[in-house]
Amino acid sequence: MKGVNKFGIVITKVLEIFHWVGVALMAAATVCSVAAPNWVKYFVGFDAKDCCGANLEVYGFEVNAPVVNGNADMTCFMLFGIGAIIILSVMAMVFRNLHLILKKSQNATPFQTDNIRMMREIGIFAIAVPVIGLIMSTIVRLVTGVETAEISIDTAGIFMGIIVLCLTQFFVHGAELEKDVDGLL
């Protein structure tokens, strides 16, 4: 079991770092979409000569940046970048919390108040990701038109968040039982 825990600690830290790198790259791409639109192709592999534009997607938030008069629509890139930064930041926090839970539980009980708080945050973050995607899709659609963003929601994140929030209640109960047992001794 210790090997699995160590593997989980390493993998969650790596995934957290990857998500923060993604945040930095999306921030750079978003700034480029406003300040230096010609550089956007280096971030998304898009050339303005493409006929169909670029289909951008992160955790269910999807935007199709069309070609308008031979140039890519940078408003779509900018709005997508803002949404992607928020979503990737939230997911980085999920992996950060997972890492901390595994690390704190390594030599102690998992029924700690900090672990319970972080599990609750993970549930909230998991629900927030599709909600952020839905809100940003609506904003993109209102600003750029109906062709660029499909308004949809990936319910997997919502269901996963509900499951984690339910599991959190078992950890609350476990912490109370552990406190009662410690009080008897």
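Residues numbered from 1 in each chain as written. Predicted model: local features only at pLDDT ≥ 70, side-chain atom pairs only at ≥ 80, totals over all residues. Heavy atoms only, no water.

## Some remarks on a negative patch on the surface
- There is a patch of like negative charges on the surface, built from Glu57, Glu62, Glu150 and Asp154.
- Summarising the element assignment, Glu150 is placed in the loop between α4 (113–144) and α5 (155–184). (Patch = residues over 30% accessible without salt bridge, like charges linked within 9 Å, V, L, I, M, F, W, Y side chains within 5 Å. Areas by Shrake-Rupley, 256 points an atom, 1.4 Å probe, with all protein chains shown as cover. Salt bridge = Lys/Arg side-chain N within 4 Å of Asp/Glu carboxyl O. Lys, Arg positive; Asp, Glu negative; His and termini not counted. Charge placed at Lys NZ, Arg CZ, Asp CG, Glu CD. Helix = DSSP H or I, 4+ residues; strand = E, 2+ residues; numbered from the N terminus.)

## A few points about the environment of Ala84
- Tracing the backbone through its elements, the reader meets Ala84 in helix α3 (residues 74–104).
- Each C-alpha atom of the pair Ala84 and Val129 lies 9.9 Å from the other, and the pair is 45 residues apart in sequence.
- Aside from chain neighbours lying at most four places away, what touches Ala84 is Met26, Val58 and Phe61. (Contact = heavy atoms within 4.5 Å.)

## Some details on empty space enclosed by the protein
- Summed over all chains, the structure comprises two cavities of 30 Å³ or more.
- A volume near 30 Å³ is recorded for the second largest cavity.
- In this structure, the second largest cavity is lined by Tyr59, Gly60, Phe61, Pro130, Gly133, Leu134, Ser152, Ile153 and Asp154.
- In terms of residue count, α4 provides more of the lining of the second largest cavity than any other element does, three residues in total.
- Residue composition of the lining of the second largest cavity, by class: five nonpolar, three polar and one charged. (1 Å grid on protein atoms, 1.4 Å probe; cavity = no way out; pocket = protein on both sides within 12 Å on 5 of 7 lines; lining within 4 Å. Points joined across faces, edges and corners; volume = space filled by probe spheres on them. Nonpolar A, V, L, I, M, F, W, Y, C, P; charged D, E, K, R; others polar.)

## Describing the packing of α3 against α4
- Contact geometry of α3 with α4 gives a least axis separation of 9 Å together with a crossing angle of 175°. Relative to α4, the element α3 lies roughly antiparallel.
- The class makeup of the residues in the contact of α3 with α4 is 22 nonpolar, six polar and three charged. (Axes fitted to C-alpha atoms, helices over the stretch in contact; angles between N-to-C directions. Parallel < 35°, antiparallel > 145°, perpendicular 65-115°, else oblique.)

## Some remarks on the pattern of salt bridges
- Per the stated rule, a full pass over the model turns up four salt bridges.
- Here Asp114 makes a salt bridge to Arg117, at a shortest N to O gap of 4.0 Å. In this pair, Asp114 and Arg117 are both assigned in helix α4, three residues apart and thus about one turn of the helix distant.
- Its relative accessible area of 32% is what places Asp114 among the partly exposed residues.
- According to the relative accessible area criterion, Arg117 is partly exposed, its value standing at 38%.
- Between Glu121 and Arg117 there is a salt bridge, with its nearest N and O atoms 3.0 Å apart. (Buried < 20%, exposed > 50% of the residue type's maximum accessible area, 1.4 Å probe, protein only.)

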